Amino acid sequence: MIMEIPSSSNANCFDYLQSHHASSSTSTSCFDLALDFLAERRVFKDVEKRVRLMKTCFLYVKKCRRRRNHEALLEHDREDRCNIMSELQDVAIRMIQELQPIYFEFICTDYLLDFDIIERTATRSKEKMKMLLETDLKKSCAAIFIDYYSPGDPRLVMDLIMCLIENLNCVLRAGELRDTLRNRLKLLRNLIGFVTMQGLECSQLTDLLTYTVVAAGSLISICLSDYDDEQAVNRMESEIYQLIHEKINLHDLQVRETFVHVLTASKKQPRSSYDLALQKNDDPVVGQFIGSLCYYLIDLLGSYASFQVPVKDQILKLHEGLRYLDILLKQEEKLGDEIKHLIGVAVSDVGILTFSLSVNEIKEGLPEETDLGVFHLHKVLKYMVAEVAQNYPLKSPYSSFNYPRPNELGCMDSFLENLKELARCDEADDSIGFQHHRIQVIQNDLVFLRSFLENIKEQRYQNGKLQAFWSHVMEAAYKAELLIDLALVGDKCEDSLDAVSRDINLLKIEAPEIHNAQTQRVNKTSLHIPSQLAAAMHDEDLVGLDDEVEIITHRLTRGSKQLDIVPIVGMPGLGKTTLAHKVYNAPSVRSHFHVHGWCRVSQTCSKHSLLVQLLCSVDSRSPDEYLKEDENNLANKLRQVLLRSRYLLFLDDLWDVEAWNLLEKSLPNDANGSRILFTSRYQNLSLHFKPNSEPHHLRHLTDEESWTLLQRKLFGMEDCPPALSEVGSQISKLCHGLPLAVVLIAGILATTAQDSWEEVAKSLSSIVLEDEYCMKALELSYSHLPDYLKPCLLYFAAFQEDEVINVRRLLRLWISERFVQQTEGKSLKEAAYDYLTTLINRSLVMAVRQRNVGGAKYCLLHDLVHEFCVKKAKEESFLYAIHSWNPLCLTGPSNPHRVCVSNARELKIWELTLIFPNLRSLILFGQDDFKHEEEDLGILLPKLLRVLDIRNLDFRYSFPMEVVLLVHLRYLALKRIPYIPSAIANLSRLETLIVEDPFGTELPSTIWNIKTLSHLRVLNYHGVWPMGFIFPLGNLEGSPDLDHLDTLHLAIDPSPQSLQKIQRKLPSLRRLKCMERWNSSREATRNCNEILEFDGLSQLESLHLFRFHGCGFKFPLNLKKLVLSHNRQPWSEISTIGKLPNLEVLKLLEDCFVGEEWVMKEGEFPKLRVLKLSELEFRNWTAFSDNFSRLEKLVLHSCEELEKVPSCLGECETLEMIEVKECPESVVDSVKQIQQEQIDMGNEVLKIEIDDYDTSISS
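Since the structure is predicted, the reported quantities are computational estimates derived from the model, not experimental observations.

Engineer: Could you clarify how one ought to interpret the overall build of the protein chain in this entry?
Structural biologist: Along the backbone of the protein chain there are 42 helices and 34 strands. Residues classed as buried in the protein chain amount to 54% of the 1259 residues present. Nonlocal contacts in the protein chain, meaning residues at least 24 apart in sequence, comprise 67% of its contacts between residues at least 6 apart. When the accessible surface of the protein chain is summed, it comes to about 54800 Å², and 47% of that surface belongs to carbon and sulfur atoms.

Engineer: Whenever I open this one, the nonpolar core confuses me. Can you help?
Structural biologist: One recurring pattern in soluble globular proteins is that nonpolar side chains are buried together. Grouped together as the largest cluster of nonpolar side chains are 161 residues, with contacts concentrated most on Phe 1031, Ile 1137, Leu 1148, Trp 1158 and Trp 1181. With eleven residues, helix H13 (residues 283-303) is the largest single contributor of residues to this core. For Trp 1181, the contacting residues outside a window of four places in its chain are Trp 1158, Met 1160, Leu 1171, Leu 1173, Phe 1188, Leu 1194, Leu 1196, Leu 1202, Lys 1204, Val 1205 and Pro 1206. In terms of nonpolar packing, the next biggest core, distinct from the first, is built from 92 residues, Phe 715, Trp 757, Phe 796 and Cys 900 among them.

Engineer: It is not clear to me how the side chain of Ser 1014 should be interpreted in this structure. Could you clarify?
Structural biologist: Position of Ser 1014 among the secondary structure elements: in the loop between strand E18 (992-996) and strand E19 (1015-1019). Take Ser 1014: its relative accessible area is 11%, and that puts it in the buried class. Residue contacts for Ser 1014: discarding those within four places in its chain leaves Arg 812, Glu 991, His 1044, Leu 1045, Asp 1046 and Thr 1047.

Engineer: Before we go on, may I ask you to explain the pairing of strand E10 (residues 856-860) in this structure?
Structural biologist: Here is the key point about a regular strand: its side chains alternate between the two faces of the sheet. Where strand E8 (residues 805-806) lies against E10, two bridges are found, and the strand directions are antiparallel. Along E10, the bridge assignment pairs Asn 806 with Tyr 858. Across four bridges, the pairing between strand E9 (residues 846-850) and E10 is antiparallel. For Ala 847, the partnering residue across the bridge sits in E10 and is Cys 859.

Engineer: Looking at this model, I keep getting lost on the sheet that holds strand E6 (residues 675-680). Mind explaining?
Structural biologist: Paired through backbone hydrogen bonds, the strands of a sheet run either parallel or antiparallel to each other. The five strands lie next to each other as E4-E5-E6-E3-E7, forming an open sheet whose pairing is parallel. At either end of the open sheet lies a strand with only one pairing partner, and these are strand E4 (595-600) and strand E7 (696-697). Note: strand E3 (residues 564-569) against E7, two bridges, orientation parallel. Residue pairing in the sheet places Ile 568 in a bridge with His 696 of E7. The sheet contacts of helix H22 (residues 546-557) involve E3, strand E5 (647-654), E6 and E7, and relative to E3 the element is tilted by about 160 degrees.

Engineer: Looking at this structure, how should I read the packing of helix H29 (residues 703-715) against helix H30 (residues 722-734)?
Structural biologist: A pair of packed helices can be characterised by two numbers: the angle between their axes and the separation between those axes. Interhelical geometry of H29 versus H30 gives an angle of 120 degrees and a closest axis separation of 9 Å. Judged on the interaxial angle alone, H30 and H29 are oblique. The element H29 and its partner H30 pack so that their crossing is right-handed. Residue-level contacts link Asp 703, Ser 706, Trp 707, Leu 710 and Phe 715 of H29 to Leu 724, Ser 725, Gly 728, Ser 729, Ile 731, Ser 732 and Lys 733 of H30. For the contact of H29 with H30, a count of residues per class yields five nonpolar, five polar and two charged.

Engineer: Explain unusual backbone geometry to me, please; I cannot follow it from the model alone.
Structural biologist: For residues other than glycine, phi is negative in most cases, and the peptide bonds are mostly trans. Here Arg 818, not a glycine, exhibits a phi torsion of approximately 65 degrees, which is positive. If you trace the backbone, Arg 818 turns up in the loop between helix H36 (807-816) and helix H37 (828-841). Its identity is not glycine, yet Phe 1165 carries a phi of approximately 55 degrees, on the positive side. Tracing the sequence through the fold places Phe 1165 in the loop between strand E29 (1157-1159) and strand E30 (1170-1174). Since its relative accessible area comes to 2%, Phe 1165 is described here as buried.

Engineer: Just to check I follow, could you spell out the sheet that holds E10 for this structure?
Structural biologist: The antiparallel open sheet is built from three strands, whose spatial order is E8-E10-E9. In the strand order of this sheet, the two ends are held by E8 and E9, each with one partner.

Engineer: For this particular structure, what's the right way to read the side chain of Asn 1127?
Structural biologist: Residue position: Asn 1127 is located in the loop between strand E25 (1121-1125) and strand E26 (1129-1130). Its relative accessible area of 0% is what places Asn 1127 among the buried residues. At a separation of 3.3 Å, a polar atom in the side chain of Asn 1127 contacts the main-chain carbonyl oxygen of Leu 1105. Here Arg 1107 takes part through its backbone nitrogen, which lies 3.1 Å from a polar atom of the side chain of Asn 1127. Beyond its immediate sequence surroundings of up to four residues, Asn 1127 is in contact with Leu 1105, Phe 1106, Arg 1107, Phe 1108, His 1109, Gly 1110, Cys 1111, Phe 1113, Asp 1151 and Cys 1152.

Engineer: Sorry, what's going on with the pattern of salt bridges here?
Structural biologist: Pairing is possible between side chains that carry opposite charge, provided their charged atoms lie close to one another. Considering all chains together, one arrives at 39 salt bridges under this definition. A salt bridge links Glu 454 to Arg 450; its shortest N-O distance comes to 2.9 Å. Placement of both Glu 454 and Arg 450 in helix H19 (residues 436-455) is noted, with a separation of four residues, approximately one turn of the helix. The partly exposed category is assigned to Glu 454, whose relative accessible area is 34%.

Engineer: What am I meant to see in a negative patch on the surface here?
Structural biologist: Together, Glu 1150, Glu 1175, Glu 1177, Glu 1200, Glu 1222, Glu 1249 and Asp 1251 give the surface a local cluster of negative charge. In this structure, Glu 1175 sits in the loop between E30 and strand E31 (1180-1182).

Engineer: Would you mind going over helix H23 (residues 576-584) with me for this structure?
Structural biologist: Since there are 3.6 residues in each turn of an α-helix, residues three or four apart along the chain are aligned in direction. Most of H23 is tucked away: eight of the nine residues are buried. Within H23, burial applies to Lys 576, Thr 577, Thr 578, Leu 579, Ala 580, His 581, Val 583 and Tyr 584. Those residues of H23 hidden inside the fold are in contact with H22, E3, helix H24 (587-592), E4, E5 and E6.

Engineer: Even after reading the chapter, I still don't get the environment of Thr 258, so can you show me in this structure?
Structural biologist: Tracing the backbone through its elements, the reader meets Thr 258 in helix H11 (residues 253-267). Thr 258 sits in the buried class, given a relative accessible area of 17%. Spatially, the C-alpha atom of Thr 258 lies 6.8 Å from that of Asp 207, the residues being 51 residues apart in sequence.

Engineer: Hey, could you run me through the packing of aromatic side chains in this one?
Structural biologist: Two measures describe an aromatic ring pair: the distance that separates the ring centres and the angle between the ring planes. Following the criterion strictly, the structure yields 23 aromatic pairs and no others. Both rings, one in Tyr 788 and one in Tyr 835, keep their centres 4.9 Å apart while their planes meet at 45 degrees; by these two values the pair is tilted. Highlighted residues: Tyr 788 in the loop between helix H34 (772-783) and helix H35 (790-794) and Tyr 835 in helix H37, separated in sequence by 47 residues. On the basis of relative accessible area, Tyr 788 is assigned to the partly exposed category, the value being 35%. For the pair Phe 1113 and Phe 1115, a centre-to-centre distance of 5.8 Å together with 35 degrees between the ring planes defines the contact as tilted. Accessibility assignment for this pair places Phe 1113 and Phe 1115 in one class, buried. Through successive ring pairs, a cluster of aromatic residues spans Trp 1131, Phe 1153, Trp 1158, Phe 1165, Phe 1178, Trp 1181 and Phe 1188.

Engineer: What is the right way to look at the environment of Lys 713 in this model?
Structural biologist: Position of Lys 713 relative to the elements: it lies in helix H29. Its relative accessible area of 33% is what places Lys 713 among the partly exposed residues. Distance from Lys 713 to Leu 749, taken between C-alpha atoms, is 9.9 Å for residues 36 residues apart in sequence.

Engineer: So what exactly am I meant to see when it comes to the packing of helix H8 (residues 176-197) against H11 here?
Structural biologist: Look at H8 against H11: their axes get within 10 Å of each other, and the N-to-C directions meet at 25 degrees. The angle between H8 and H11 places the two elements in the roughly parallel class. Seen along the crossing, H8 lies across H11 with a hand that is left-handed. In contact with Leu 187, Leu 188, Leu 191, Phe 194 and Val 195 of H8, H11 contributes Phe 259, Val 262, Leu 263 and Ser 266. Grouping the constituent residues of the contact of H8 with H11 by class yields eight nonpolar, one polar and no charged.

What counts, and where the lines are drawn
- Residues numbered from 1 in each chain as written.
- Predicted model: local features only at pLDDT ≥ 70, side-chain atom pairs only at ≥ 80, totals over all residues.
- Heavy atoms only, no water.
- Helix = DSSP H or I, 4+ residues; strand = E, 2+ residues; numbered from the N terminus.
- Buried < 20%, exposed > 50% of the residue type's maximum accessible area, 1.4 Å probe, protein only.
- Contact = heavy atoms within 4.5 Å.
- Areas by Shrake-Rupley, 256 points an atom, 1.4 Å probe, with all protein chains shown as cover.
- Core = buried A, V, L, I, M, F, W, Y, C linked by side-chain atoms within 4.5 Å.
- Pairing = 2+ DSSP bridges.
- Axes fitted to C-alpha atoms, helices over the stretch in contact; angles between N-to-C directions.
- Parallel < 35°, antiparallel > 145°, perpendicular 65-115°, else oblique.
- Left-handed = near helix turned anticlockwise from the far one by under 90°.
- Nonpolar A, V, L, I, M, F, W, Y, C, P; charged D, E, K, R; others polar.
- Polar contact = N/O pair within 3.5 Å; in protein donor to acceptor, adjacent residues only side chain to side chain.
- Salt bridge = Lys/Arg side-chain N within 4 Å of Asp/Glu carboxyl O.
- Patch = residues over 30% accessible without salt bridge, like charges linked within 9 Å, V, L, I, M, F, W, Y side chains within 5 Å.
- Lys, Arg positive; Asp, Glu negative; His and termini not counted.
- Charge placed at Lys NZ, Arg CZ, Asp CG, Glu CD.
- Phe/Tyr/Trp six-rings, centres within 6.5 Å; stacked < 30°, edge-to-face > 60°.

Right, here's the structure in full:
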């Protein structure tokens, strides 16, 4: 019971404590009083943990007895223990004496006391505790645990372990060492808890408790100490390493025998004990023990450089068994009595099997009885999981093969590449676990079938048997891929793989017969695609867009006399055709041209059809008069009609350059101002037939224009009823400026009761998508995509609606998913960006923000396109987007390859693993982050994952070790992990590792073994200090190079030696963000006076350097982008940068250079296109015109001392934008003067953006 401190006075309180201590030397009251106060104040958390440990030690000493406790020593024993107990009480009392004055003052001021005063008092208290503990007390406590028997209360030992763990968290730095120690101590605690719960008496636990308390005793002195400096911490960590290998080595034979002994004994206890424990809500003990066993197996896998394949497979099977036991435990309320009865037995069996594994068995192979034990365990678990399956829509890994259908041949190509790589690995070593010839047979047969499928790709749409054969081949290929991938994670299925191999071989034999029998019946014409849907708004009045009409009219009726083209481009449903018709029929346009003609261009247009349409529209004759004439006669007639006339032809909905090629020779250019107006979804189509043409990008409607259009469709010229005004306006906004969506929703609202409009607003996207017009328009764009682009578009379904998507993240995901094929002369990233550019040009994706160099930085999908992607991805078994997690109500495809969950807070990942066992990609989203609780027992990830992005799970307590078992993983994104374990090297296929806001970024030495790494980034959104990975520098000579690493965020000590060591290992690096590590040995304010040489990175194109105070730099000559901040170099050093021959982008940010004047030298910066200057304190800037010979954009932010920009900028012919923010008025004036000079030169392109300049800033 916690006692209250008397409130009369400080002195009285202290007298009370002293008297209470004197009268009750065995009481814990003083500790309880201390904890009562400390629990209320977070600033005292470390002190509270120390006191809790002292209290546990006190209770332990009170109950323990000396080994070999002869009668003659009994009194001496009692005296020793009383002395230690008294010393522990004294420390607690003196601490309260120190803290109570500030406590009473805190109460008297209504809890408003200055926090700094409390913090200073806490610091003084810690110092006094340290002085008291730096006596013989630590040694006495440690001796008690070594020389005395443990008390007859296992729970006290468990409490002691937890107190030690709490204190170790304060003493040890976050990292693999701390996690290893914590996990080993937890295993001891959880094993004691489990066997005690099973009914073992304390007398049966003597050896286990003795081993545990001896291990604890060796850590007591560490936990009761303070480590003030780096050297002391290093010494302490060295002690810990030694303890782990000597006294807390759980792989030791004698230790494992002790574990096996108590687990075996626990199985002999009455079976009711486990049920009773469940009734007492003690089941977390079982779950905690399962978690410790999982850790032990992962630790075992990482402890040895190599395993025999059967051994590794059995360890993986044991681990999988534990995963399913954990799942069963989480469903305890749904389990029957028989399953509950089996759980305790199964956990004991897994523990016995786990601790039976010896080093020799791991190296040489498991004995037969262990193999049989694992086999028996899996039979039991199979029965248990079947019981749980009654409560979930569980899928067997082999139950269904709804393979993703977009770009099927591309997926097969990726699988064949994987087989080649696997064959090379299998030849090199036997770690794969199955024979090379088996892979080779499957590979050869699939290569033949791949070629066959290419030949029937078009014919299959018109022949049911060919389509069925195609589906059988694809299903067999996906089955083979699944079974081979399962084999790589220890799930042996040789018989199944042999069966699939036979099926594939039979399909190979059947292929020629199918081809010969069916191709004779197939019409040789090309695949028929339905003609383009007539736009829904042709006859509609155009709302808004008057500015657009004026621009198009201007381009048609003015400008060059040469024949010109005017393209209107935009996404489906934006109103391109409506706008073009409006302009085409405008009186000013009709009167300007002598001849007018139009035609609608379908995807399967013929020259004959186009000519007939144009001639009919020009002379108003019936099509029957032209249908029988051949193409040449029609082409000549059209040319004669147009010759020497100023004509306007409107070509509606061009899909490719073919239609232009068919008509071009019939279009005379008489230099009389004739025009071709056309609409298209493809933004750059006109460049194919007129390289200098400028497409007109049709904008979306504003919210006001959308509301006006909706009212006009619903109410004509009448006003909207006031009661509907608010919800109607809301609905129009949800159309996001897309006229087709407004028109379609108007048709729905016109037949909807007015009191149901709110329901329409809630389901707007799905309602519009159900409309035939909208769906056909989007389906048409999708079907016209090349096969390799279809999965890229559908992948946008993985992101949330209205999400502004980081392009680099998107491209890395595409690459990891193997959507991107290698193109000669281009990197995968460049090829992926070409894919994105094509989708943007086809108006399916919108570029939101451009990079200074290198294209779009962010992109976005219109809501309707996104909803189409979500629906289509589900239909095609490509990706399943889950918006609300309810495992009993999932209606998606069976065993999907990819799942994204929008509200990850509701998700239980272990449920997802059960329901989707074959999952290859998992992306979690959430409105905010949530913590992965310390005692949560693993995240239970699907074992075939290739892409894992769980950046909204907060792993601040420990690294999620289950990740290191995902051997297929290519893309991994985590958040707030405390360290990166050495077992990360198990991920031998990993390409991208992204860590957001980490607590530790030191990479283990094993990182050099992941030869596939190409992308290592640290995202630090919430901190002002950029972070990077810290590479291990020891023994680099024998480590392999990371030949594929392209992008790296790096933190280093600012020494040339460190940098050179790392550079030699990274020959292909193209993008580098490099910073001084935050705890660098160099003082933050001291210059390094060193030259950091980056010129050894011959492929480097982009470099960002942060906080290398006063260092000099050498740069590679091919550098294109350079960003500098907080380097404090003199301006004279910038000439080194000015001489870089290929530099295009230069960003000089806060404190990168110091001094009042920047003088640019003639000839410097010959290719500079973008220059950004931010938070620099220079006053004068001098330059020459050749410094800006290619400059396109100048950005000035918060340069508060700058007087003006160089006047020679007025002569820059390439300048397109100047952006000024928070700079003196004199700078703004000089920029305006440059703008006037540019206008005088005829540069009307230059844009000036001026924001928030302060006239009070001194110039």
